[in-house]
Amino acid sequence: MKVLVSDSISPKGVEILKKAGLQVDVKTGLKPEELKAIIGEYDALIIRSATKVTAEIIEAADKLKVIGRAGTGVDNVDKVAATKKGIVVMNTPGGNTITTAEHAIAMLFALARRIPQAVASTKAGKWEKKKFMGVELYNKTLGIIGLGRIGSEVAKRMQCMGMNVLAFDPFLSDERAEELGIKKVDLDSLLAESDFITVHTPLTPETKYLINKDTIAKMKDGVYIINCARGGIVNEKDLYEAIKSGKVAGAALDVFEKEPPEEGYPLIADERVICTPHLGASTLEAQENVAVAIAEQIIDYLINGTIRNA
Ligand code: NAD
Ligand code: MLT
């Protein structure tokens, strides 16, 4: 059976697939029409975030039995089209949780102390002590939207830093909130009370543009926003307007509505915005975890007919 790996994954995953007797082709950076032309040969497809598995690709996938995401979000797969065709979509949700939580926290600190801007200035030979006055996180309120795997890890760590953590998550039980020692609130209270807001939900029809001009209007003046979850949860046009007006003091973005964004994208160019190129899950440890997990899951499914998500 043949497996196509169309986004880069740790070589450990490829090794495991080959050892199990599967034929593996690693072909990254394919254009949609190139993927469409070859997908018919494959029994399994392994992706990360770059490959968009649209209905058109699925239509051409005559032998495909399984699509495996070496990572968490499966918003780049047309799951309805896949299901209609009997193709299983699986992910590896646990493998990059800690890494992504650590990235969101790194962005939170960097945002509060304007570290990327100060590094660039110091490297340019300047000594701008006054310009880079920051804010303390201690005793500030962190609002977490989406208290799942990643949100919970962010919460635990930021409580240790002395932040007051609030969470909004319609699926969060009172018991879980209590276990984590977190105040569960409704969205409007979170928006009104938080100094920093970080989103950790999947991108769904309900979370699309959850942060928009209306929700931003309900936030404190001078709020900071962090998105290390998915582009499209934050309406970038509205965020940019709110940053320009001073309502939002700064934003840290790892993910964008269009990846990569256009060159010279004004939101990225703004000096109150810090950003990374979708690096949330990019550590050696997380990439090995997700590659090994997806390889084992694909083998289980193709060879033993067992379905599991690590
Ligand atoms: P998870 O499923 O464990 O947690 C998501 C949480 O969001 C759940 O608790 C769910 O109840 C909550 N939620 C769903 N809809 C909501 C809504 N409308 N309002 C508020 N909360 C809502 O997922 P996770 O492992 O924590 O990952 C979260 C997301 O982070 C993923 O879906 C993925 O898109 C993203 N992610 C990004 C990177 C990156 O590289 N930047 C890496 C890993 C994951
Ligand atoms: C994920 O959903 O796991 C992330 O987007 C990580 C990635 O694949 O880069």
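Throughout what follows, the structure given in this document is the object of discussion.

Reading the values: the criteria
Residues numbered from 1 in each chain as written. Chains lettered and ligands numbered in written order. Predicted model: local features only at pLDDT ≥ 70, side-chain atom pairs only at ≥ 80, totals over all residues. Heavy atoms only, no water. Near = heavy atom within 4 Å. Polar contact = N/O pair within 3.5 Å; in protein donor to acceptor, adjacent residues only side chain to side chain. Areas by Shrake-Rupley, 256 points an atom, 1.4 Å probe, with all protein chains shown as cover. Nonpolar A, V, L, I, M, F, W, Y, C, P; charged D, E, K, R; others polar. Phe/Tyr/Trp six-rings, centres within 6.5 Å; stacked < 30°, edge-to-face > 60°. Lys NZ or Arg CZ within 6 Å of the ring centre and 35° of its normal. Buried < 20%, exposed > 50% of the residue type's maximum accessible area, 1.4 Å probe, protein only. Helix = DSSP H or I, 4+ residues; strand = E, 2+ residues; numbered from the N terminus. Pairing = 2+ DSSP bridges. Axes fitted to C-alpha atoms, helices over the stretch in contact; angles between N-to-C directions. Contact = heavy atoms within 4.5 Å. Right-handed = clockwise from strand over helix to strand, strands pointing away. Salt bridge = Lys/Arg side-chain N within 4 Å of Asp/Glu carboxyl O. Parallel < 35°, antiparallel > 145°, perpendicular 65-115°, else oblique. Left-handed = near helix turned anticlockwise from the far one by under 90°.

## Here we look at the site of ligand 2
Taken together, Arg 48, Arg 69, Gly 71, Thr 72, Gly 73, Asn 96, Arg 230, His 278 and Ala 281 make up all the residues around ligand 2. One nitrogen or oxygen atom from the main chain of Gly 73 is found 2.7 Å from an oxygen atom belonging to ligand 2. Computed on the free molecule, ligand 2 has an accessible area of 270 Å², of which 93% lies beneath the protein chains in the complex. Across the shell around ligand 2, the residue classes break down as one nonpolar, five polar and three charged.

## Things to note about the packing of aromatic side chains
Inspection of every chain in the model, using the stated rule, returns one aromatic pair. One Lys or Arg, Lys 2, reaches over the ring of Tyr 42 and ends 4.9 Å from the middle of that ring. Cation over ring: Lys 208 sits above Tyr 209, and NZ or CZ is 4.6 Å from the ring centre.

## Focus: the site of ligand 1
What surrounds ligand 1 is a group of 25 residues, the closest being Arg 149, Ile 150, Asp 169, Cys 228 and Asp 254. Note that an oxygen atom of ligand 1 is positioned 2.9 Å from one of the backbone N or O atoms of Arg 149. A distance of 3.4 Å separates an oxygen atom of ligand 1 from a polar side-chain atom of Arg 230. If ligand 1 stood free it would expose 860 Å²; the protein chains cover 87% of that surface. Of the residues contributing to the shell around ligand 1, the split by class is 11 nonpolar, 10 polar and four charged.

## A short note on the pairing of strand S9 (residues 196-199)
Side chains Phe 196 and Thr 198 project from S9 onto one buried face, and the interleaved Ile 197 and Val 199 project onto a second face that is buried too. The pairing of S9 with strand S10 (residues 223-227) spans four bridges and is classified as parallel. Bridged to Phe 196 within S10 is Tyr 224.

## Examining the sheet that holds S9
Sheet architecture is open: seven strands sit in the order S8-S7-S6-S9-S10-S11-S12, paired in parallel fashion. Taken across any chain shown, the strands that pair with only one partner, and hence form the sheet edges, are strand S8 (183-184) and strand S12 (273-275). When strand S7 (residues 164-168) meets S8, the two strands line up parallel, connected through two bridges. Paired with Leu 166 across the two strands is Lys 183, which belongs to S8.

## Some details on the sheet that holds strand S1 (residues 2-5)
Two pairing modes exist for strands in a sheet, parallel and antiparallel, and in both the strands are linked by backbone hydrogen bonds. Taken in spatial order, the five strands line up as S2-S1-S3-S4-S5 in an open sheet, and their pairing is parallel. Both edges of this open sheet fall to strand S2 (23-26) and strand S5 (88-91), since each of them pairs with a single strand only. With direction set aside, neighbouring strand axes in the sheet form an average angle of 20°. On top of the sheet, helix H1 (residues 11-19) reaches S1, S2 and strand S3 (44-47); it is set at about 155° to S2, its chief contact. Together, S1, S3, strand S4 (66-69) and S5 form the strand contacts of helix H13 (residues 284-304), whose direction differs from that of S5 by roughly 150°.

## Considering the pairing of S5
In regular strands, side chains alternate between the two faces of the sheet. When S4 meets S5, the two strands line up parallel, connected through four bridges. From the neighbouring strand, Ile 67 faces S5, where its bridge partner is Val 89. Once you follow S4 into helix H4 (residues 79-84) and on to S5, the crossover reads as right-handed.

## A closer look at the side chain of Arg 230
For Arg 230, the position within the fold is in the loop between S10 and helix H11 (236-245). Here Arg 230 is in contact with Arg 69, Gly 73, Asp 75, Leu 203, Val 255 and His 278, once residues within four sequence places are set aside.

## Observations regarding the environment of Leu 137
Checked against the element boundaries, Leu 137 lands in the loop between helix H6 (115-123) and strand S6 (141-145). The class of Leu 137 is buried, set by a relative accessible area of 7%. Along the backbone, Leu 137 and Gly 250 are 113 residues apart, and their C-alpha atoms lie at a distance of 14 Å. Residues within four places of Leu 137 in sequence aside, it is in contact with Leu 108, Phe 109, Ala 112, Met 158, Met 163 and Phe 196.

## What about the pattern of salt bridges?
Throughout the structure, instances matching the rule amount to 19 salt bridges. One salt bridge connects Lys 131 with Glu 271, and the closest N-O pair in it is separated by 3.8 Å. Of this pair, Lys 131 sits in the loop between H6 and S6 while Glu 271 is found in the loop between helix H12 (266-269) and S12, placing the two residues 140 residues apart along the sequence. Classification of Lys 131 as partly exposed rests on a relative accessible area of 40%. The salt bridge partner of Arg 176 is Glu 179, with a shortest N-O separation of 2.9 Å. You can see Arg 176 and its partner Glu 179 sitting in helix H8 (residues 174-180), three residues apart, about one turn around the helix.

## Details of the packing of helix H5 (residues 97-113) against helix H7 (residues 149-160)
H7 packs onto H5 with a crossing angle of 50° between their chain directions and a minimal axis gap of 8 Å. Considering their axes alone, H5 and H7 lie oblique with respect to each other. As for the relative orientation of H5 and H7, their crossing is right-handed in sense. Across the interface between the two elements, Thr 97, Ile 98, Thr 100, Ala 101, Ala 104, Ile 105, Leu 108 and Phe 109 of H5 pack against Arg 149, Ile 150, Glu 153, Val 154, Arg 157 and Met 158 of H7. Along the lines of polarity and charge, the residues of the contact of H5 with H7 split into nine nonpolar, two polar and three charged.

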